[in-house]
Amino acid sequence: MTGDLLSLPLPELMERARAVRDQHHGTRVTYSPKVFVPLTMLCRDKCGYCTFAQPPARLEHPYLSADRVLAIARSGGRAGCHEALFTLGERPEERYPAARAWLDEHGHTSTVEYLAAMARLVLDETGLLPHANAGALLSDELALLRSVSPSQGMMIESLNPDLECHRGSPDKTPERRLATLEAAGELAIPFTTGILVGIGETRADRVAALEAIAASHRRWGHVQEVIVQNFLPKPGTGMHAAPPCPPADFLDAIALARLLLPADVHLQAPPNLSDDFGVLLDAGIDDWGGVSPVTADHVNPERPWPALERLRAVTEDKGFTLAPRLTIYPEYATDPDRWVDPGLRFAVMDRSDAEGLGRDDPGAVFVQRIRPAAPEQVDDGVEVLHIGARSTAWYSGADAAPPPLVPGHPAAGGAVNEVLAGVLLGQEVGLDEIVTLFGARGREVAAVADVADELRRQTIGDVVTYVRNRNINYTNVCTFKCRFCGFSKGPLSLNLRGTPYLLTLDDIAERVVEAAAMGATEVCLQGGIHPDFDGDYYLDVTRAVTTAVPGMHVHGFTALEVTEGARRLGEPLRDYLIRLQDAGLRTLPGTAAEILDDEIRELLCPDKISTDEWLDAHRTAHSVGLRSNITIMFGAVERPVHWARHLVRTRELQKETGGFTEFVPLPFVHMAAPIYLQHKARRGPTFREALLMHAVGRIAYHGLIPNIQVSWVKMGAPGVHQVLQAGANDLGGTLVNENISRAAGANHGQGMDEDGFRSLVEPLGRPLEQRTTLYGRVAVA
Ligand code: SF4
């Protein structure tokens, strides 16, 4: 097999490499936004091509101080980096007395131990994920670094033991390099390695090195990426007069790597070492490695991300999308039990999106530090306040502006566009196709939004609707322990701050009268499951509303509440729902759905109704003539496949009953949610994910559910503006007293008036109309 490959002409070799890359990695090309931390430029090795290593006399200090390390990491964090790449020479203390003395003076036994301390500091203070690149290490050193660095790296470089450039470099022997690679595998360390091309090795040497890496990966599964790097001579080095690596040899080595390595191993070539770096994509790479906005900023202060923008343009011109990744690749980040030290799992999760890639909203993602809000603020629905450095990247419920994703120039080609072409031909999207759409990046997002917008136009026209309503959360005491819920209070809940309350029926009636006076046509009733409630409570509440204001639409009681109410009365759910309907209940909110997948419900809300129970409650409600909607709370712990299952399961029920009126995506608001505070969830969806949830919902439910609602409470006005161009047609309610999202940390959300809605809709040239709960029109006086 290898022999056949080696005889292929370069164009054919590259074509085969591209085919493997396309099949396994699609159109996605990744990069890591990182900041470089050169911990020490001293090194005991003397490699002939190296400009990094310096003698002590040329350095102010042998090592970067902790303050300096932190300053670099913070500047990277502010510029939106996810990774702190620690680069350093190998065991300098064994060559230079100055290094030994510095370590002794600062209380560290070795360079590796100092590296571990600095990685921990960066992690704790900034949340940037360290990547330790410390050369050939022993097993105990690798193990130490595994607890502070989610991935590690060491270039194999070459397995030729006789290279002139490695004379005088005790750490560059093939045995030491291979032993390190093996030990990393044994320790389950997501590992980056690679080869150098053009340092005097032959093509056969390169093949031998790649085959050794492939064999190690087959044993342990730990090689997350292989870097193929071309040699360029540099002044002041031993090889300053050597010829640079010929481009053809470089492309040949990349293509061979793609074909000799297992296809799941990512392949990287540095873009900054080739003038025409787009051609590297033609040889089969799927990763560009690190891009440092901080370094670029020094070069071009007026354009903070010039390198990134060029990289994006070149990548997109070749028909790919560019996605930021973490230092640990998604395959490893999403299997943390095997690959990530328990002490690092939240740090990885906190920067991840639902696919395990880096969060892609521009801006800083810092470790969240909060304190409880003052009592008067708690009563206002706000539970916690930020302290310390604040993240500037968008998250649901925050004030930060989202990145502009739509309108945009849709991309052509790739799996996302194949799915969209089928949609435009009238085909229904299945589970795998829905997952593919959720993976849209860059210009693919605009393509998904465009199709969703077109389906919206065909289905519902240009009108944007809203309902005048009031939320009445009658109690915040709850016997359930949903791990995301920042609203429920009381001895049994996970969130013990704030004051438990239970409104009386008179309180409720008074609020309904106030709502009617404000023009509301609907009251939305939901709350905790109070231990004292039996099913009669919900009947009493319904009667209290309809008695106070006859004709007020009662939109109330989740699948959990009605299931629990019927259970506590020992009454069949159908009979109970008929009694509620007779009392005046008209529609059920789709909340309590969270993610309709029991694997995820086990993590989010293990004591709550199951997926089937939620579906059964709505099936039964529809069968007695009640209507309801579908919600999804997303961005906490689940992956796109779970979103897809949720959409497919609810779509099947809609085909059966036709009883759902709308789909309402509810992005997880993380800030004060117990599951986030316990370090077991992500910080909500990214804006791209939130926008796609509406757009993909429009596509998946096409022909079955006409209305897609965007929550202004969670998305904020600028977010709503974009989502209205991505398939949404409804703004939900005016929602006086929306406390549930605010309890979880949302900054928006104590009521929106018609003028507020108009300011969102009119710039789009679309009419705003007030609707009833069931999407009839309300005559405006
Ligand atoms: S989400 Fe609802 S059921 Fe769950 S703890 Fe909160 S109030 Fe209770």
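Conventions adopted
Residues numbered from 1 in each chain as written. Predicted model: local features only at pLDDT ≥ 70, side-chain atom pairs only at ≥ 80, totals over all residues. Heavy atoms only, no water. Disulfide = S-S within 2.5 Å. Buried < 20%, exposed > 50% of the residue type's maximum accessible area, 1.4 Å probe, protein only. Near = heavy atom within 4 Å. Nonpolar A, V, L, I, M, F, W, Y, C, P; charged D, E, K, R; others polar. Helix = DSSP H or I, 4+ residues; strand = E, 2+ residues; numbered from the N terminus. Contact = heavy atoms within 4.5 Å. 1 Å grid on protein atoms, 1.4 Å probe; cavity = no way out; pocket = protein on both sides within 12 Å on 5 of 7 lines; lining within 4 Å. Points joined across faces, edges and corners; volume = space filled by probe spheres on them.

J.: How should the state of the cysteines be read in this particular structure?
T.: Here a disulfide denotes one covalent bond, and it connects the sulfur atoms of two cysteines. Applying the stated criterion to the full structure yields zero disulfides. Lacking any disulfide linkage, C43 is separated from the closest cysteine sulfur, that of C47, by 6.5 Å. What makes C43 buried here is its relative accessible area of 11%. Distance from the sulfur of C165, which forms no disulfide, to the nearest cysteine sulfur (C47) is 6.7 Å. Residue classification places C165 among the buried residues on the basis of a relative accessible area of 5%.

J.: Teacher, can you tell me more about the site of the ligand here?
T.: Around the ligand sit C478, F480, C482, F484, C485, S488, G528, L560 and K608, and those are all the residues in its vicinity. Residue composition of the shell around the ligand, by class: six nonpolar, two polar and one charged.

J.: Which parts of the structure should I look at to understand the environment of I72?
T.: Relative to the assigned elements, I72 resides in helix α3 (residues 66-78). Overall, I72 belongs to the buried group, its relative accessible area being 12%. C-alpha of I72 to C-alpha of V35: the two residues are 37 residues apart in sequence and 7.4 Å apart in space. Ignoring any residue separated from it by four or fewer positions in sequence, one finds I72 in contact with V35, F36, V37, P38 and L64.

J.: I would appreciate a short explanation of empty space enclosed by the protein in the present structure.
T.: Empty space among the atoms can be located by rolling a probe the size of a water molecule over them. Under the counting rule described, the total for this entry stands at five cavities of 30 Å³ or more. Reported here for the second largest cavity is a volume of approximately 50 Å³. What lines the second largest cavity is L88, G89, E90, R91, E93, T111, V112, A134, A136 and L137. In terms of residue class, the lining of the second largest cavity is made up of five nonpolar, two polar and three charged.

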